[in-house]
Amino acid sequence: MANKQVWTATGRRKQSVAQVKLVGGTGKITVNGVDVDEYMPFATLVMDLKQPLVATSNENRFDIEIKVNGGGFSGQTGAIRLAITRALLEFDKNTDQTREDSYRHILKNAGFITRDARVKERKKYGLKKARRAPQFSKR
């Protein structure tokens, strides 16, 4: 049996962490051992995590195995999307990065390479939430 080449990457978003394995194949995506369409509750989330593959025309070129934990579905989708982007960059690292058709150029222009650092702000004492103060009563 021939040893297939595997490209791996990690992505994070909010409290979610995703580990992705890219293997040459037919475009099958599994998340935590389950098909992506069964795992994600909304088709828009599935569409969102496939965006790097669509941008680089690789929808049916790789089988993707994903392990993700932490956070909700939106954070997990963002983590998976970043991990897929990083794995595609790992796959394409031997090509000339200055070319217009390099994956790095395509993904950077689409805004997929940058990690979204927004996280929930911590609650402060004396407040109901991070910034929500108790209702003020003059009398």
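Everything below is about the structure shown above.
Our subject in this report is the structure included herewith. Just so it is clear, the model here is predicted, and its values are computed rather than measured. (Residues numbered from 1 in each chain as written. Predicted model: local features only at pLDDT ≥ 70, side-chain atom pairs only at ≥ 80, totals over all residues. Heavy atoms only, no water.)

Following the criterion strictly, the structure yields five aromatic pairs and no others. With 5.0 Å between their ring centres and 80° between their planes, F62 and F91 make a pair best called edge-to-face. Taken as a pair, F62 in strand β5 (residues 62–69) and F91 in helix α4 (residues 73–91) lie far apart in primary sequence, 29 residues in all. According to the relative accessible area criterion, F62 is buried, its value standing at 3%. Every member of this aromatic cluster is reached through a ring pair, and the members are W7, F62, F91 and Y103. (Phe/Tyr/Trp six-rings, centres within 6.5 Å; stacked < 30°, edge-to-face > 60°. Helix = DSSP H or I, 4+ residues; strand = E, 2+ residues; numbered from the N terminus. Buried < 20%, exposed > 50% of the residue type's maximum accessible area, 1.4 Å probe, protein only.)

Further remarks concern the environment of P52. Here P52 shows up in helix α3 (residues 51–55). Residues P52 and A83, spaced 31 residues apart in sequence, show a C-alpha to C-alpha distance of 9.8 Å. What P52 contacts, discounting residues up to four positions off in sequence, is R81, I84, T85, L88, L107 and F112. (Contact = heavy atoms within 4.5 Å.)

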